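Fold and geometry: a report
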2 protein chains.
Amino acid sequence: MPSYRAPVADVHFLLTQVFGWERLANLPGFSDATPDVVEAILGEAAKLCEDVLQPLNLPGDREGCKRAVDGSVSVPKGFKAAYDAFADGGWIGLAADPQYGGQGLPYTLGAVVNEFASSANMAFAMYPGLSQGALAALLTHGSEAQKALYAPKLISGAWSGTMNLTEPHCGTDLGLIKTRAVPLGDGAYALTGQKIFISAGEHDLTENIVHLVLARIAGAPAGTKGISLFIVPKFLPDAQANPGARNGVSCGSIEHKMGIHGNSTCVMNYDGATGWLIGEENRGLNAMFVMMNEARLGVAIQGLAQSEVAYQNAAAYARDRLQGRALSGAKVPEKQADPIIVHPDVRRMLLEMRAFNEAARALVLWTALKSDIAHRSGEEAQIRAADDMLGLMTPVLKGVLTDTGFANTVKAQQVFGGHGYVGEWGMEQFVRDARIAMIYEGANGIQALDLVGRKLPKGGGRAVMTFFNEVGACLKEKEGEAALAPFTNGLKTGLDHLQKATMWLMQNAMAKPDNAGAGSTDYMHLFGLVAMGYMWLRIADAALARKAADPSLAEAMNAKLIAGTFFMQRMMPETAAHLARISAGADILMAMPADAF
Amino acid sequence: MPSYRAPVADVHFLLTQVFGWERLANLPGFSDATPDVVEAILGEAAKLCEDVLQPLNLPGDREGCKRAVDGSVSVPKGFKAAYDAFADGGWIGLAADPQYGGQGLPYTLGAVVNEFASSANMAFAMYPGLSQGALAALLTHGSEAQKALYAPKLISGAWSGTMNLTEPHCGTDLGLIKTRAVPLGDGAYALTGQKIFISAGEHDLTENIVHLVLARIAGAPAGTKGISLFIVPKFLPDAQANPGARNGVSCGSIEHKMGIHGNSTCVMNYDGATGWLIGEENRGLNAMFVMMNEARLGVAIQGLAQSEVAYQNAAAYARDRLQGRALSGAKVPEKQADPIIVHPDVRRMLLEMRAFNEAARALVLWTALKSDIAHRSGEEAQIRAADDMLGLMTPVLKGVLTDTGFANTVKAQQVFGGHGYVGEWGMEQFVRDARIAMIYEGANGIQALDLVGRKLPKGGGRAVMTFFNEVGACLKEKEGEAALAPFTNGLKTGLDHLQKATMWLMQNAMAKPDNAGAGSTDYMHLFGLVAMGYMWLRIADAALARKAADPSLAEAMNAKLIAGTFFMQRMMPETAAHLARISAGADILMAMPADAF
């Protein structure tokens with residue numbers, strides 16, 4: 001059975017030592033969240049995730065969700081009690097508006113809790129996670145009456161939320177949506193159509209389910225400009241939010257998936273279901289994008305979360321498993337064999353995961369703090385800068401953290417040899433669960449296109465220039481410090497490659513957009529490496545300071561310095577290969593006739 | 001439902017146009033295999049694989065193998081009839097000695113048939129594949145009586161074979177084996193112990209199962225020098241090979257695995273089972289290694305095979321799926337959307353697979369031909385050179401083709417978006433099935449160690465120098481040809497990196513073996529890229545010649561030239577990153593205390 005310990009100390013170090021948490025105390029929600037309070041909150045979250053959610057992960061995968069002939073769906077044993085504990089603890093609304101029952105704490109803390117919960121049990125964590133996404137769209141675009149009716153129920157966890165976008169013939173291209181909405185005259189609409197791949201679409205965790213559904217109002221323009229967003233509750237609530245009659249929405253079947261078996265992924269049939277418009281007619285994609293950006297960050301966190309839990313188990317196995325002898329001679333001669341952690345190649349796999357996990361976590365927190373500033377600051381310039389950076393980093397995080405997170409679960413599985421391929425150790429489940437994160441909320445190829453096609457050129461490249469300036473300034477400030485030399489040197493080279501790649505795209509993709517598409521995935525990963533390298537420079541800087549201030553922390557801080565140096569020596573060199581591939585352009589890709597593939 | 005077409009034309013092109021098949025006609029078994037005969041044989045194999053084996057792949061995964069309370073195991077529906085067709089067609093003994101009923105054809109053709117069968121149905125293909133492995137060990141190390149008794153049954157398929165190495169506490173480190181063999185006085189032994197992860201350990205396909213089992217004879221030296229190899233039939237045969245009394249070996253349970261559900265992976269319990277020594281006492285690992293080298297090539301082929309079938313399905317989906325518009329403007333304006341193959345990033349994924357598949361197939365055939373020469377040539381020098389190259393390339397092929405083959409199934413799945421994550425399209429099965437190939441027959445980390453620790457220094461680096469000379473000579477010969485410039489330039493850079501990495505290892509790994517271990521996986525992949533690059537140069541050269549000779553082949557030959565140019569532009573640049581990582585050495589890896597992981 002796999003195990004999990006939430007990385008509370010690492011998060012606390014990042015928030016307080018690297019990102020200057022206390023300097024944000026002027027923002028709403030931050031003033032009460034002193035470092036001590038943060039530590040207490042994270043400790044509580046860790047306990048719940050380690051003791052309640054994690055033990056249900058493997059059994060939940062084996063049992064899966066079951067649909068009965070009446071269309072009802074039951075979740076795995078234990079999920080209901082765990083959900084109640086999660087909801088009762090106030091975790092769903094941790095960062096939500098107190099006006100509707102939320103705790104109003106920083107979104108950044110919510111992101112941390114999401115990481116812990118996703119590491120412990122990804123399939124479970126999706127249920128409250130989807131409620132948070134639905135809530136975000138509702139609070140931004142819903143009417144006052146809609147907010148008053150639905151938000152408290154979503155925040156308390158009494159009801160849960162879903163996102164209904166995909167149809168059998170359209171996933172990425174939402175302009176093709178066919179589900180139609182017919183006005184009923186009383187402000188409501190009747191929705192008819194079929195949605196697929198709907199996570200948490202039907203289940204027995206809550207008394208009601210609130211579906212946010214993209215559909216086309218009769219007579220709307222074709223394409224994406226004719227899509228509207230509707231709220232469609234499973235049971236129609238009265239004004240006091242008591243669930244009443246069953247609505248015309250039902251689960252037609254549940255998908256047989258590679259993983260996340262504990263989450264019910266449904267085909268949802270809308271058969272004249274009553275729904276209400278959220279926001280303006282034909283502006284549904286706009287409203288949905290609010291939900292999607294937050295959801296994309298949530299999916300990025302899933303990638304990190306699976307990598308973290310897989311790493312922890314692989315490291316423990318590598319310390320325990322006795323097999324062979326060290327290349328440099330027996331290390332534990334009194335035993336029949338050495339633990340496999342003596343082998344450089346096993347350490348390589350572990351350090352690739354570790355060096356990613358710590359930097360990726362830093363990047364998530366850094367980006368989440370931008371979100372808090374963008375949503376809570378009173379200063380226009382600060383809001384704009386934070387929002388720019390949030391927009392730029394969201395596709396990078398979604399694409400890189402899920403691609404690399406998945407690859408790391410595969411590496412962790414490899415450490416187990418044959419024992420990684422069988423179910424009982426739980427390693428193959430991490431691989432199967434992590435795989436979906438590269439696909440949903442916009443497949444990673446779409447993230448890469450969003451980055452190079454939209455986020456990069458936006459405002460004349462304002463966001464990326466701000467990023468370059470920030471990294472450049474940090475490099476300049478730290479360049480003279482000998483102890484940081486491995487970090488500044490590595491980052492400098494990586495940044496240079498990223499700037500060259502950016503320049504190449506600017507010069508070659510305007511006239512020929514295929515050049516942007518051909519280099520997009522490489523550019524996204526190049527960006528991710530530089531961003532993680534930047535995080536490592538800041539972590540190393542803080543680690544050296546902590547070590548100097550408190551020698552008892554030397555061991556923990558040295559581990560960070562080693563992992564970071566490994567990152568610079570072994571992972572940063574990939575930036576050169578990315579640059580070479582980007583600069584190769586699109587010609588050879590487009591040369592192959594479609595029917596010759 | 002996925003589909004599959006065996007790449008007969010590509011194989012034929014490689015054998016006849018690239019590798020000069022007809023020049024080998026002096027070797028036993030080759031003289032009858034004229035190009036026309038080869039084409040006919042491959043066509044027959046293709047038909048069987050496409051029409052019989054492939055349709056059983058997805059249902060076989062869903063149904064899996066079932067163990068009854070009496071320990072018997074049933075395979076999925078349809079497997080028995082398919083197995084009989086495969087056996088009756090003479091495919092198991094295609095390359096086996098005619099003295100025992102084999103067809104005596106080149107091993108190279110057997111390797112091709114294995115690719116086709118593994119693409120069509122990997123879980124199925126393992127049953128005859130394991131018989132071939134057992135046969136190889138038996139024919140090399142068995143006594144005349146053993147060969148006469150068992151070989152005809154394995155070749156006809158009436159009986160099947162297995163390899164029993166792994167125990168719960170030892171996989172890689174076979175010196176720890178505990179299964180013990182007690183001499184019974186009549187030349188036989190009684191074996192007692194438990195083996196795990198035994199593929200095809202128990203099933204209802206054949207009237208008997210022949211287990212090759214590693215065990216320790218009472219009083220044998222400790223470690224690997226005290227391991228012997230035994231043959232343990234499920235039913236004890238009489239002298240006429242009629243299966244008689246049930247032996248004391250049984251299936252204790254079947255493993256719950258990530259994939260290859262159609263193959264029964266068993267825990268095998270030996271409870272005083274009667275067995276006979278194969279080869280010499282305490283020399284069991286030697287005998288087993290014969291089987292393992294062939295099996296490693298077979299596993300490499302599985303990696304290629306899964307990549308090929310995944311590619312074919314992804315390419316078809318990309319041509320069919322309508323979603324969004326080309327970046328350069330609508331390509332099929334009369335339809336609601338363009339097929340996703342218009343997108344450079346989709347083409348990138350497809351070409352990464354395609355450029356790998358064709359080069360990997362060439363490398364398999366090139367290596368398999370070395371095996372044929374090593375086993376069938378009469379000339380000492382030729383045998384030694386071929387055997388050197390076979391030894392050098394086996395770990396490269398096993399490690400690189402399964403790592404990259406798996407990664408390609410993940411890419412192919414990605415092309416399908418959400419439809420790749422659900423079972424019905426079959427793409428997620430390719431991922432789950434391909435994953436095991438990185439683990440069994442020596443995890444890929446072990447292959448990398450075998451390469452840098454054993455194969456590289458062997459005979460003073462004789463094999464690797466021969467490889468460098470061959471590639472260098474080919475480069476020199478072709479360097480002046482303008483049409484080949486993309487190939488010679490790319491390969492030259494790659495070869496330079498590989499030579500530098502080899503030099504670095506020679507200079508730095510003698511005194512400090514951890515430096516070899518730290519760079520081993522990167523070195524293996526660097527080697528693989530250069531070897532595939534060498535294949536691409538030879539393919540391109542042949543393709544240009546074919547095109548010039550027969551203009552009707554222009555389209556097919558151009559596709560090869562495009563895929564190969566893509567390889568040089570987009571995949572070869574990775575060699576620089578590998579070199580950088582290798583040169584970084586082991587220090588940072590070994591710096592982390594084990595308990596700090």
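Residues numbered from 1 in each chain as written. Chains lettered and ligands numbered in written order. Predicted model: local features only at pLDDT ≥ 70, side-chain atom pairs only at ≥ 80, totals over all residues. Heavy atoms only, no water.

**Considering the pattern of salt bridges**
Pairing between side chains of opposite charge can happen when their charged atoms approach one another. A full pass over the atoms with the stated rule returns 70 salt bridges over all chains. Residues B:R348 and B:D345 are paired through a salt bridge, measuring 2.8 Å at the closest nitrogen-oxygen approach. Placement of the pair is B:R348 and B:D345 together in helix α8 (residues 344–376), with a separation of three residues, close to one helical turn. By relative accessible area, which is 9% here, B:R348 ends up buried. One network of salt bridges, in which partners are shared, links A:D522, A:R570, A:E574, A:R581, B:D522, B:R570, B:E574 and B:R581. (Salt bridge = Lys/Arg side-chain N within 4 Å of Asp/Glu carboxyl O. Helix = DSSP H or I, 4+ residues; strand = E, 2+ residues; numbered from the N terminus. Buried < 20%, exposed > 50% of the residue type's maximum accessible area, 1.4 Å probe, protein only.)

**Side note on the pairing of strand β9 (residues 243–246) of chain B**
Bridge analysis of strand β8 (residues 235–237) of chain B against β9(B) gives two bridges, and the strand direction is antiparallel. The partner of B:P237 across the bridge, within β9(B), is B:P243. (Pairing = 2+ DSSP bridges.)

**Considerations on the domain arrangement of chain A**
All names here are of chain A. Once the domains are mapped, chain A shows domain 1 (8–147), domain 2 (160–288) and domain 3 (455–597). Relative placement of domain 1 and domain 2: their C-alpha centres are 24 Å apart. With 27 residues of domain 1 at the interface, the matching set in domain 2 holds 28 residues. Taken together, the two surfaces of domain 1 and domain 2 that pack against each other cover about 2,400 Å², and 67% of this comes from carbon and sulfur. Counting the contacts that link domain 1 with domain 2 gives zero salt bridges. Applying the counting criterion to the domain 1 and domain 2 interface returns 13 residue pairs in polar contact (both at pLDDT 80 or more). Elements that contribute at least two residues to the side of domain 1 that touches domain 2 include exactly α3 (57–63), β1 (66–67), β2 (73–74), α4 (79–88) and α5 (107–141). No other element matches α5, which puts 10 residues into the side of domain 1 that touches domain 2. Among the residues making up the side of domain 1 that touches domain 2, the classes are represented as 14 nonpolar, nine polar and four charged. (Domains from an automatic or database assignment. Contact = heavy atoms within 4.5 Å. Buried area = accessible area lost by both parts, 1.4 Å probe. Polar contact = N/O pair within 3.5 Å; in protein donor to acceptor, adjacent residues only side chain to side chain. Nonpolar A, V, L, I, M, F, W, Y, C, P; charged D, E, K, R; others polar.)

**Remarks on the interface of chain B and chain A**
With 90 residues of chain B in contact, the opposing surface of chain A contributes 90 residues. Considering only the side of chain B, the residues that lose the most area to chain A are B:Y421, B:R570 and B:F597, jointly responsible for 12% of the buried surface there. Seen at the junction of chain B and chain A, the total is four salt bridges. Between A:R581 and B:E574 there is a salt bridge; the shortest N-O distance is 3.2 Å. The interface formed by chain B and chain A contains 48 residue pairs in polar contact (both at pLDDT 80 or more). The element that contributes the greatest number of residues to the side of chain B that touches chain A is helix α15 (residues 554–571) of chain B, accounting for eight residues.

**Side note on the packing of aromatic side chains**
On inspection of all chains with the given rule, the structure shows 28 aromatic pairs over all chains. Aromatic pair A:F467 and A:F527: ring centres 4.9 Å apart, planes at 35°, arrangement tilted. On the criterion of sequence distance, the pair formed by A:F467 in helix α12 (residues 458–478) and A:F527 in helix α14 (residues 513–549) is long-range, its members being 60 residues apart. Residues A:F467 and A:F527 agree in their burial class; the two are buried. Aromatic pair B:Y317 and B:W425: ring centres 5.2 Å apart, planes at 80°, arrangement edge-to-face. Of the two residues, B:Y317 is situated in helix α7 (residues 284–320) and B:W425 in the loop between α9 (380–415) and α10 (427–435); the sequence distance between them amounts to 108 residues. Among the aromatic side chains, those forming a connected cluster through ring pairs are A:W366, A:F467, A:F468, A:Y523, A:F527 and A:Y534. Taking NZ or CZ as reference, A:R435 lies 5.6 Å from the ring centre of A:F406, over its face. Note that B:R246 overlies the ring of B:F235, its terminal NZ or CZ placed 5.6 Å from the centroid. (Phe/Tyr/Trp six-rings, centres within 6.5 Å; stacked < 30°, edge-to-face > 60°. Lys NZ or Arg CZ within 6 Å of the ring centre and 35° of its normal.)

**Some points on helix α10 (residues 427–435) of chain A**
Buried residues dominate α10(A), accounting for nine of its nine residues. Taken together, the buried positions of α10(A) are occupied by A:M427, A:E428, A:Q429, A:F430, A:V431, A:R432, A:D433, A:A434 and A:R435. Buried residues belonging to α10(A) abut α3, α5, α7 (284–320) and α9 (380–415) of chain A together with α9 and α10 of chain B.

**So, the relation of the copies chain B and chain A**
For these two chains of identical sequence, chain B goes onto chain A by a turn of 180° and a shift of 0.0 Å along the axis, with RMSD 0.0 Å. Expressed as a symmetry operation, the mapping of one chain copy onto the other fits a two-fold axis. Closest approach to the rotation axis among the C-alpha atoms of chain B is made by B:A577, whose C-alpha sits 3.3 Å away. (Least-squares fit on C-alpha atoms with pLDDT ≥ 70 in both.)

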